[in-house]
Amino acid sequence: MENRPCYPILIIPEDVKLGKLTPTLLPSKSSDTTKLGASEFQFGQILEKYFAPHIYSQQELLPLDHQNAYSADFLFVEPNTNLHIDIEIDEPFSFATHEPIHHVGKDDYRNKCFVEANWIVLRFAEEQVSSQQLRCLRVLANVISKYTLNDSWQPLFKDVEKLTPVWQWTLEKSKKLSKNNYRNRYLR
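Residues numbered from 1 in each chain as written. Predicted model: local features only at pLDDT ≥ 70, side-chain atom pairs only at ≥ 80, totals over all residues. Heavy atoms only, no water.

A few words on the nonpolar core. Among the nonpolar cores identified, the biggest contains 30 residues, and F43, L47, F51, I85 and I87 are the most heavily contacted of them. Residue assignment for this core shows that the elements contributing at least two residues are α2 (40-51), β5 (70-77), β6 (84-90), β7 (120-125) and α5 (133-148). Among the elements that take part in this core, α5 stands out by supplying eight residues, more than any other. With residues up to four places along the chain from it excluded, the contact list for L47 reads A52, I55, F74, I87, L137 and L140. Core analysis: the next-biggest nonpolar cluster, separate from the first, contains ten residues, Y7, F93, A125 and L177 among them. (Core = buried A, V, L, I, M, F, W, Y, C linked by side-chain atoms within 4.5 Å. Buried < 20%, exposed > 50% of the residue type's maximum accessible area, 1.4 Å probe, protein only. Helix = DSSP H or I, 4+ residues; strand = E, 2+ residues; numbered from the N terminus. Contact = heavy atoms within 4.5 Å.)

Moving on to α2. Helix length check: α2, at twelve residues, gives a terminal C-alpha distance of 15 Å against a target of 16 Å (1.5 Å per residue), a fit within 8%. Taken as a whole, α2 has its buried residues at E40, F43, G44, I46, L47 and F51. Projection of α2 onto a plane perpendicular to its axis shows the buried side chains occupying an angular sector of 165 degrees, all on one side. The exposed residues of α2 that point more than 90 degrees off its buried face are F41 and K49. On its buried face, α2 is in contact with β4 (55-61), β5, β6, α4 (126-131) and α5. (Expected span 1.5 Å × (residues − 1). Arc of directions from axis to C-beta.)

Moving on to the pattern of salt bridges. Two side chains bearing opposite charge may form a pair once their charged atoms approach each other closely. Across all of its chains, the model carries ten salt bridges by this definition. Its salt-bridge partner being E126, residue R183 comes within 2.7 Å of it at the nearest N-O pair. Of this pair, R183 sits in helix α7 (residues 183-186) while E126 sits in helix α4, placing them 57 residues apart in sequence. Judged by its relative accessible area of 3%, R183 falls in the buried class. (Salt bridge = Lys/Arg side-chain N within 4 Å of Asp/Glu carboxyl O.)

Laid out in structure tokens, this is it:
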């Protein structure tokens, strides 16, 4: 039996579950220095197509008592409630260094910082956003609808199939994926 998370990973703050949707911390700024990952540019374009003007790229969150900010791959801000959703694209390893990234446990503290700021965290595997873009957007539309009752995006994806889940990789699995250049199989 698997005891590791499965993408998409959805982390909901307790306050959001109770209907308190306003973030306790707002983005501190946009990060112009963060380079977009291999799949982020293309996924960002489709997010913009369907969710503009409510999508922002590389927004930084500076948690209280921290020296350094975290940068959200994408931020969705629901216009009626101000609910913030941090949308992340997780790669198993870095193309530049081949070092494992985003494996089980690696982003737990980061996720905690966003959740403490009362942001929802929605994490997709890179292979999902590369091969199932509309299915990922369907997930986002459903999350928005569930927590804000704003179902205006759901009709756009009513005929889109459900997203195929992907197990989050362990550190050891990430190393194997790197050795086999797994990312080259789904990135075009």
